Amino acid sequence: MIKFIADCLERYEEYVQSSSKDKRKSCKGSSLAHFYILIKFLYMLNLSCQLIFLQYFLRYQQLTCFQYGWNMLRNIYHPSSQIFPRLTLCDFQIRELGIQHLYTVECVLVLNLFLEKLYLLIWIWFNVLFILTIVDTIRWIYRIYFRHSRNQFIRKHIELTLEKSLTRHKQFHSFLHYFPIDNLFTLKMMSNNSSSTIVADVLYELFQRKIQHNSDV
């Protein structure tokens with residue numbers, strides 16, 4: 001399995017280097033990473049549209065979509081609410097001895113008490129997802145597009161399988177410089193979903209092939 005993964009990554013690296021006019025281009029072989037970041041931005045756009053739709057659906061035009069939740073939290077125990085009124089006046093009739101008596105009393109709208117908390121939880125959930133998506137997108141941009149982060153990830157994992165450091169080896173610096181971003185992105189996904197040992201074995205296999213100039217893919 002390790003050799004199969006190494007074959008796939010090496011095949012992609014050779015394809016990128018053969019199709020790239022400028023082999024020193026820092027973002028070569030990064031279409032998969034670009035697409036992943038684009039999906040992250042689409043997530044943020046979707047959450048923004050959800051918050052705007054929530055404002056349109058509830059018709060609270062006097063507040064922005066971000067002020068709605070704070071206003072609801074501030075007035076959560078207040079009996080009067082413009083969006084979900086809890087108290088209203090109810091008219092009803094009571095017949096006594098053939099005479100109808102009209103009464104107007106104060107009523108509690110129990111359903112609005114439930115709906116108010118429900119939409120408040122939806123607003124909080126959308127905002128939490130929005131903030132977490134922004135933080136995760138910034139984290140992935142740093143991990144993918146900054147060379148220092150990429151080199152640190154490769155060096156950290158490949159030295160798990162070696163007894164001595166490779167920081168001074170010329171071949172290792174060349175291996176870091178020409179390593180495609182999409183391959184690194186794939187290894188990061190593998191590290192998140194499996195273990196660092198598998199990533200270390202794949203990197204070690206790729207590095208040994210680079211030293212021996214042994215490519216049969």
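Right above here is the structure, for reference.
Throughout, residues of each chain are indexed from 1 in the direction in which the sequence is written. Thresholds applied to this predicted model are a pLDDT of at least 70 for local features of residues and 80 or more for the giving and counting of side-chain atom pairs; totals over whole chains, interfaces and linings are not thresholded and use all residues. Computation of side-chain values: all heavy atoms of the structure, hydrogens and water removed.

## A closer look at the overall build of the chain
Helix numbering and strand numbering both begin at the N terminus, where a helix is a DSSP run of H or I of at least 4 residues and a strand a DSSP run of E of at least 2. A count of helical and extended segments in the chain gives eight helices and two strands. When the helices and strands of the chain are read in sequence order from the N terminus, they spell out α-α-α-β-β-α-α-α-α-α. Residue exposure ignores everything except the shown protein chains as possible cover, and the areas themselves are Shrake-Rupley values with a 1.4 Å probe. A total accessible area of about 14,300 Å² is found for the chain, and carbon and sulfur atoms account for 62% of it.

## Structural notes on the environment of Gln-55
By secondary structure assignment, the location of Gln-55 is in helix 2 (residues 31-58). For the exposure calls, accessible area comes from a 1.4 Å probe over protein chains only, and a residue counts as buried if that area is under 20% of its type's maximum, exposed if over 50%, partly exposed in between. Taking relative accessible area as the criterion, Gln-55 reaches 15% and is therefore assigned buried. Taking the C-alpha atoms as reference points, Gln-55 and Tyr-68, 13 residues apart in sequence, are found 8.0 Å from one another.

## A closer look at a nonpolar patch on the surface
A grouping of Trp-70, Leu-73, Leu-121, Ile-124, Trp-125, Val-128 and Leu-132 is seen on the molecular surface, where their side chains present a nonpolar patch of about 720 Å² in accessible area. Residue contributions to the nonpolar patch peak at five residues, all from helix 4 (residues 110-145). Patches here: salt-bridge-free residues with over 30% relative accessible area, like charges joined within 9 Å, nonpolar side chains (Val, Leu, Ile, Met, Phe, Trp, Tyr) joined within 5 Å. Salt bridges, as used here, are contacts in which a Lys or Arg side-chain nitrogen is within 4 Å of a carboxyl oxygen on Asp or Glu.

## Observations concerning the nonpolar core
The criterion is simple. A nonpolar core is a set of buried Ala, Val, Leu, Ile, Met, Phe, Trp, Tyr and Cys residues joined through side-chain atoms within 4.5 Å. Ile-154, Phe-175, Phe-179, Leu-187, Val-202, Leu-203 and Leu-206 are the most contacted members of the largest nonpolar core, which has 18 residues in total. Top element by residues in this core is helix 8 (residues 196-212). It accounts for five residues. Whether two residues touch is decided by their heavy atoms; if any such pair falls within 4.5 Å, the residues are in contact. If we skip the residues at most four places from it in the chain, Ile-154 touches Phe-175, Leu-176, Phe-179, Leu-184 and Leu-203. Core analysis: the next-biggest nonpolar cluster, separate from the first, contains 14 residues, Met-44, Leu-51, Met-72 and Trp-123 among them.

## Details of the packing of aromatic side chains
Note on aromatic pairs: the rings of Phe, Tyr and Trp (six-membered ring only in Trp) are paired at centre separations within 6.5 Å, and the planes decide the class, stacked below 30 degrees, edge-to-face beyond 60, tilted for the rest. Within the structure shown, the criterion is met by four aromatic pairs. Ring centres of Tyr-36 and Trp-140 lie 5.3 Å apart, and the angle between their planes is 65°; on these two criteria the pair is classed as edge-to-face. Here the residue Tyr-36 occupies a position in helix 2, and Trp-140 occupies one in helix 4, the gap between them amounting to 104 residues. Classification of Trp-140 as buried rests on a relative accessible area of 3%. Measuring from centroid to centroid gives 4.9 Å for Tyr-36 and Phe-185, while their planes differ by 55°, and the two rings are tilted. Taken together, the residues Tyr-36 in helix 2 and Phe-185 in helix 7 (residues 181-193) connect sequence positions 149 residues apart. When its relative accessible area of 5% is taken as the criterion, Phe-185 is described as buried.

Nothing here speaks to function; it is geometry throughout.
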